[in-house]
Amino acid sequence: RSGFTFGISGTSGLNLNVSHNTDLLYKCYVKEDIVMRYSALVTLNNTGSTSTNNGQTSENQNNSYNIGLGIGCEKIFAKINRFSIYGGADLVPSLSGGGNSNSNTTVDQTKAGGINGDFTKTVTKRAQIFGLGLSPFLGFEFFISKNFSIGAEFSLNATYSFPGKGTTVNTSRRNAVD
């Protein structure tokens, strides 16, 4: 037996803001009670805001990504009729990064010396970070049919992140002159 599962990840406690998380898990039964697991996780976040106050326009944008691929092993501890309890661990290497941009533009001609367009802008690019995680888990499944089940899985993830370097660029223009 083998098959794909699709789930929402990233939920903790009562916070259900998962923000475009997609977790795809492939399970391949090696024996009746031993399962190999192969997973992929992609997280993409992009937020922004704009406000104007007293002749100043402020723009903020933030983005981030996380890509992870995992391999693991699962042991089925108990199987009673259509209900099973299992546990195991996944090894998950990942790559993450992102950045943010903040700008303030003068849109009031009087404050800009008669010319619109004075601005200050800061762009920060966070470092790409490689991480290696170990995720032990415990779960249960209820099989509705031979190849279809509903279940839940609880896991704890410990990740070591290898350091990286980011960059910050500041630009500005005064009185419409670069």
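All values derive from a computational prediction rather than experimental measurement. (Residues numbered from 1 in each chain as written. Predicted model: local features only at pLDDT ≥ 70, side-chain atom pairs only at ≥ 80, totals over all residues. Heavy atoms only, no water.)

**Observations regarding unusual backbone geometry**
We count it as follows: In DSSP terms, a helix is any run of H or I states spanning at least four residues, a strand is any run of E spanning at least two, and both are numbered starting from the N terminus.
With a phi close to 50 degrees, Asn 81 is a non-glycine residue in the positive phi region. The topology assignment puts Asn 81 in the loop between strand 4 (56-80) and strand 5 (83-106).

**A word on the side chain of Lys 27**
Worth spelling out the cut-off: Each residue gets one of three labels from its accessible area relative to the maximum for its type: buried under 20%, exposed over 50%, partly exposed in between, using a 1.4 Å probe on protein chains only. N or O atoms closer than or at 3.5 Å make up a polar contact, with two conditions inside protein: a donor-capable atom paired with an acceptor-capable one, and, for residues adjacent in sequence, both atoms drawn from side chains.
Mapped onto the fold, Lys 27 is located in strand 2 (residues 21-29). The exposure class of Lys 27 is buried, given its relative accessible area of 6%. Within the local environment of Lys 27, its side chain forms a polar contact with the side chain of Glu 74, the two groups lying 3.3 Å apart.

**Considering the environment of Tyr 160**
Put simply, the test is: It only takes one pair of heavy atoms within 4.5 Å for two residues to be counted as in contact.
Considering the arrangement of structural elements, one finds Tyr 160 in strand 8 (residues 158-162). For the pair Tyr 160 and Pro 93, spaced 67 residues apart in sequence, the C-alpha to C-alpha distance is 9.5 Å. Excluding its chain neighbours within four sequence positions, the residues that come into contact with Tyr 160 are Phe 130, Gly 131 and Leu 132.

**Notes on the environment of Phe 130**
As for its position among the elements, Phe 130 is in strand 6 (residues 119-145). Counting along the chain gives 31 residues from Phe 130 to Ser 161, while the straight-line C-alpha distance between them is 5.8 Å. With sequence-adjacent residues up to four places away left out, Phe 130 is seen in contact with Pro 93, Ser 94, Leu 95, Tyr 160, Ser 161 and Phe 162.

**Considerations on the confidence of the model for the protein chain**
Close inspection of predicted coordinates is inappropriate for parts of the model with low pLDDT. Stated precisely, the cut-off is as follows: pLDDT gives the predictor's per-residue confidence on a scale running from 0 to 100.
Taken as a whole, the protein chain shows an average pLDDT of 77; of its residues, 76% reach a score of 70 or greater. Throughout residues 9-21 the model reports pLDDT below 50, and contacts reaching past four residues in sequence, or to other chains, amount to 18 contacts.

**Some words on the pattern of salt bridges**
Put simply, the test is: For this document, the term salt bridge refers to a Lys or Arg side-chain nitrogen within 4 Å of an Asp or Glu carboxyl oxygen.
Taken as a whole and assessed by the stated rule, the structure comprises seven salt bridges. Here Lys 75 makes a salt bridge to Asp 33, at a shortest N to O gap of 2.5 Å. One end of the pair, Lys 75, is in strand 4; the other, Asp 33, is in the loop between strand 2 and strand 3 (34-53), with 42 residues separating them in the sequence. Here Glu 153 makes a salt bridge to Arg 37, at a shortest N to O gap of 3.0 Å. On the criterion of sequence distance, the pair formed by Glu 153 in strand 7 (residues 148-155) and Arg 37 in strand 3 is long-range, its members being 116 residues apart. Glu 153 sits in the partly exposed class, given a relative accessible area of 34%. Its relative accessible area of 3% is what places Arg 37 among the buried residues. Three or more residues joined by partner-sharing salt bridges are found here, namely Lys 27, Arg 37, Glu 74, Asp 90, Glu 141 and Glu 153.

**Description of the environment of Ser 161**
Secondary-structure assignment places Ser 161 in strand 8. Measuring from C-alpha to C-alpha, the distance between Ser 161 and Ser 96 comes to 9.8 Å, with 65 residues separating the pair along the chain. Those residues in contact with Ser 161 that lie beyond four places of it in its chain are Ile 129, Phe 130 and Gly 131.

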